[in-house]
Every structure is written in structure tokens, then in C-alpha cells.
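Examining the three-dimensional arrangement
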Amino acid sequence: MILIDGKKIAADIRSELKEKIDELKKQGKKVPGLVTILVGNNPASEIYVSSKGKACEEIGMITKSEQHPDNISEKGLLDLVESYNENPDYHGILVQLPLPKHIDEDKVIETISPKKDVDGFHPISIGKLVIGKDTFASCTPAGIQELLIRYRIETEGKHVVVLGRSNIVGKPIANIMLQKKKFANSVVTICHSAAKDVSYYTKQADILIAAIGKANFVKEDMVKDGVVVIDVGINRIEDKSKLKGYKVCGDVDFKNVSKKASYITPVPGGVGPMTIAMLLKNTYKAYLMYE
Ligand code: GUN
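Read on for a plain summary of the structure.

**Side note on the overall build of the protein**
Looking only at helices and strands, the protein has 10 helices and 11 strands in total. A globule of 291 residues ought to have a C-alpha radius of gyration of about 19 Å, and the protein, at 19 Å, matches this closely. Along the first, second and third principal axes, the C-alpha atoms of the protein reach 55 × 40 × 35 Å. Taking the contacts inside the protein whose residues are at least 6 apart along the sequence as the reference set, 70% of them involve residues at least 24 apart. As presented, the protein carries roughly 14400 Å² of accessible surface, and 52% of it is formed by carbon and sulfur atoms.

**What to know about the site of the ligand**
Looking at the ligand, the residues that line it are Lys52, Leu94, Val95, Gln96, Leu97, Asp119 and Phe121. One nitrogen or oxygen atom from the main chain of Val95 is found 2.8 Å from a nitrogen atom belonging to the ligand. Between the ligand and the protein, one listed contact pairs a nitrogen atom with a side-chain N or O atom of Gln96 at 3.2 Å. Starting from 280 Å² of accessible surface for the ligand in isolation, the protein chains cover 79%. Considering only residue class, the shell around the ligand consists of 4 nonpolar, 1 polar and 2 charged.

**What about the packing of helix α6 (residues 139–150) against helix α7 (residues 170–178)?**
Helix-helix packing is described using two parameters, namely the angle between the two axes and the distance between the axes. The contact between α6 and α7 brings their axes to 9 Å, and the two run at 40°. Taken as axis vectors, α6 and α7 run oblique relative to one another. Relative to α7, the crossing made by α6 is right-handed. Residues Pro141, Ala142, Ile144, Gln145 and Leu148 of α6 lie in contact with α7, whose contacting residues are Pro172, Ile173, Ile176 and Met177. Grouping the amino acids of the contact of α6 with α7 by side-chain chemistry returns 8 nonpolar, 1 polar and no charged.

**Some words on a positive patch on the surface**
Taken together, Arg236, Lys242, Lys244 and Lys247 make up a surface patch of like positive charges. Within the fold, Arg236 resides in strand β9 (residues 235–238). By relative accessible area, which is 63% here, Arg236 ends up exposed.

**Description of the sheet that holds strand β4 (residues 92–95)**
Spatial ordering of the open sheet is given by β3-β2-β4, a layout of 3 strands whose pairing is parallel. Here the strands that pair on one side only, and so sit at the sheet edges, are β3 (62–68) and β4. The average undirected angle you get between the axes of adjacent strands in this sheet is 15°. Both strand β2 (residues 33–39) and β3 contribute to a ladder of 7 bridges, which runs parallel. Paired with Gly33 across the strands is Ile62, a residue of β3.

**Regarding the packing of helix α1 (residues 6–26) against α6**
In contact at an axis separation of 11 Å, α1 and α6 are set at 95° when each is read in the N-to-C sense. As summarised for this structure, α1 and α6 are arranged roughly perpendicular, according to the angle between their axes. On α6, the residues that touch Gly6, Ile9, Asp12, Ile13 and Glu16 of α1 are Glu146, Leu147 and Arg150. Considered class by class, the residues forming the contact of α1 with α6 number 3 nonpolar, 1 polar and 4 charged.

**With respect to the environment of Ser166**
Tracing the backbone through its elements, the reader meets Ser166 in the loop between β5 (159–163) and α7. Here the alpha-carbon distance between Ser166 and Asn185, two residues 19 residues apart in the chain, equals 21 Å.

**What about unusual backbone geometry?**
Put simply, Leu97 and Pro98 share a cis peptide bond, and its omega is 0°. Relative to the assigned elements, Pro98 resides in the loop between β4 and α4 (105–111). In this chain, Val267 is followed by Pro268 through a cis amide linkage whose omega measures 0°. With respect to the helices and strands, Pro268 occurs in the loop between β11 (263–264) and α10 (272–290). Backbone geometry at Arg152 places phi at a positive 50°, although glycine is not the residue there. Residue position: Arg152 is located in the loop between α6 and β5. When its relative accessible area of 62% is taken as the criterion, Arg152 is described as exposed.

Definitions and cut-offs
- Residues numbered from 1 in each chain as written.
- Predicted model: local features only at pLDDT ≥ 70, side-chain atom pairs only at ≥ 80, totals over all residues.
- Heavy atoms only, no water.
- Helix = DSSP H or I, 4+ residues; strand = E, 2+ residues; numbered from the N terminus.
- Rg over C-alpha atoms; globule rule 2.2 N^0.38 Å.
- Contact = heavy atoms within 4.5 Å.
- Areas by Shrake-Rupley, 256 points an atom, 1.4 Å probe, with all protein chains shown as cover.
- Near = heavy atom within 4 Å.
- Polar contact = N/O pair within 3.5 Å; in protein donor to acceptor, adjacent residues only side chain to side chain.
- Nonpolar A, V, L, I, M, F, W, Y, C, P; charged D, E, K, R; others polar.
- Axes fitted to C-alpha atoms, helices over the stretch in contact; angles between N-to-C directions.
- Parallel < 35°, antiparallel > 145°, perpendicular 65-115°, else oblique.
- Left-handed = near helix turned anticlockwise from the far one by under 90°.
- Patch = residues over 30% accessible without salt bridge, like charges linked within 9 Å, V, L, I, M, F, W, Y side chains within 5 Å.
- Salt bridge = Lys/Arg side-chain N within 4 Å of Asp/Glu carboxyl O.
- Lys, Arg positive; Asp, Glu negative; His and termini not counted.
- Charge placed at Lys NZ, Arg CZ, Asp CG, Glu CD.
- Buried < 20%, exposed > 50% of the residue type's maximum accessible area, 1.4 Å probe, protein only.
- Pairing = 2+ DSSP bridges.

Shown next, in the form of C-alpha cells:
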């Protein structure tokens, strides 16, 4: 069994990007910029956004973090996004979700210029992904494919079973793996909460991608020998032995499923660190495309 080290791969990606940015600076060129916009003070969102900003700074990207009170009007937020659409210093715009109820998230996402849509959430980005055009793929699914690439895991003609149909992970990763391209070209099944017998599907998986947000849901008897397991879940379960009173675990019962797997991602340290690395990569891509 090979443990997929997302922390290391993410660090490799960050240092590759840093080298590219150092080179731009050496040549006296402009560097890529990312603006993050946070509405309100949700502690989890604050942590996410501050990690994204720090990651940018560490590799020498320009970054700015806008934080606005949760009574900002929808129009105020849309105007702010539009101002960054026009701002040549920022190649990527990230509006942290979720947004307060009085703001229509879809409207905000659709206001971000597709040229700066480094989250890959705009319907144009999603549509391009579905028809196999070059675009920004959302960061977690892009990170999953990057792990498959860097571990040289064969995907062509393999049966990829995705658990979960979210717009952020399930649907985009299914579309990525479906593309007629290297490190994709898989046969894809999306399995979701209406499935009558989930293990009927999971047992057929050569590559199983779990993104349902249910702690330890995938058990040893649900997978076949040699399966590649990608665990996207980040769940908190009570653990009194920990100072915090909880521990973080994935959607896969790692201890037992890892006995049958050929490759498996741990939680934490698997897919998680890839999300920010791919955000940086998307921002660099936006810079290259439009600078
Ligand atoms: N909220 C949770 N994950 C994400 C993400 O990847 N991007 C944005 N914009 N908001 C999020």
C-alpha cells in the first residue's frame, strides 16, 4: 500500500510556483495577484481565507484580503467584485463561501469575470470543463487529479466511482476524469444519497473518490483488493483523549480500508493541502493567460 502524501505534493507545487515567481521578479515583471473577499466573521472561513493569503505571500504572489461586515448589501458586494474584475493587479478573485442569506451566491459567482475565476465556480468555467475546453477547474478536484498525475496512477479505462454530487467536488471531479485526456479517460460513476445499495457501486471501483462528508462511511467490505482510494472528507468526531475533544477523520475507514488499497490518501494530509496549492496554480494560470 502506498500512502499518497498530499502535504509533500502541495509543498512541491508551492515551491515550483515560487521559483517561477522569483524568475518574474528577477526580470522586473509584474507578479500574479489574488484578492480574497470574506463577508462576515465565520471562524472557519476566517481560517481558510487567512491560510490562502499566507500561502500567496510565501511564494511571493501579491495578495489582498478584503473582509466586510455581514450586513454588506448584495449590490455593495457585486460592485466590489466588479471593481476587481477591472483591477489589473489581481488576476484571481476568490469570494469565500458561504455568504450571508440576504446575498445570492449564484449572482456573486456569476459576477466574477471568468478570466479571474480561480475557484472554477463560474458557470462558464464549469461548462468549459464539461465540454473538455481548457479552463479553471475547482481547486479540490484539480488537486485530486494532480495527485493521480504525480503518483503516475493509471486512469485510462479504469472505473472511477465518485461518492457525492456536490458542485464543488463530486460533479467537477467526475467531469475531469471523464475527459478524453491523459490521467483521465476513465469510466465514471457518480453515486449519491439516493443510491439503493452504495456498495454495489463501490465494490466495482478501481479508483474510489469519497466526498460525502460522512465520517468513516466507506468500510473494508465495500471495496475490492487493489483499489485506489481518494478521501475528500474532513469530518470531526468526538475524541475525549484529545485536548480539543475531537479528531478529524475522512469519509473512509482508513485503518481497515488501507489494508486492501494499493494507494490511499490520509486525512489529514491527503487531499486537503492540495486545495490551496491548486488555488495558487490557478492564479498563476490566470496570470499567464491574461497578463
Ligand atoms: N468555502 C469552502 N471551500 C471553499 C472554496 O474552495 N472556495 C470558496 N470560495 N469558498 C469556499
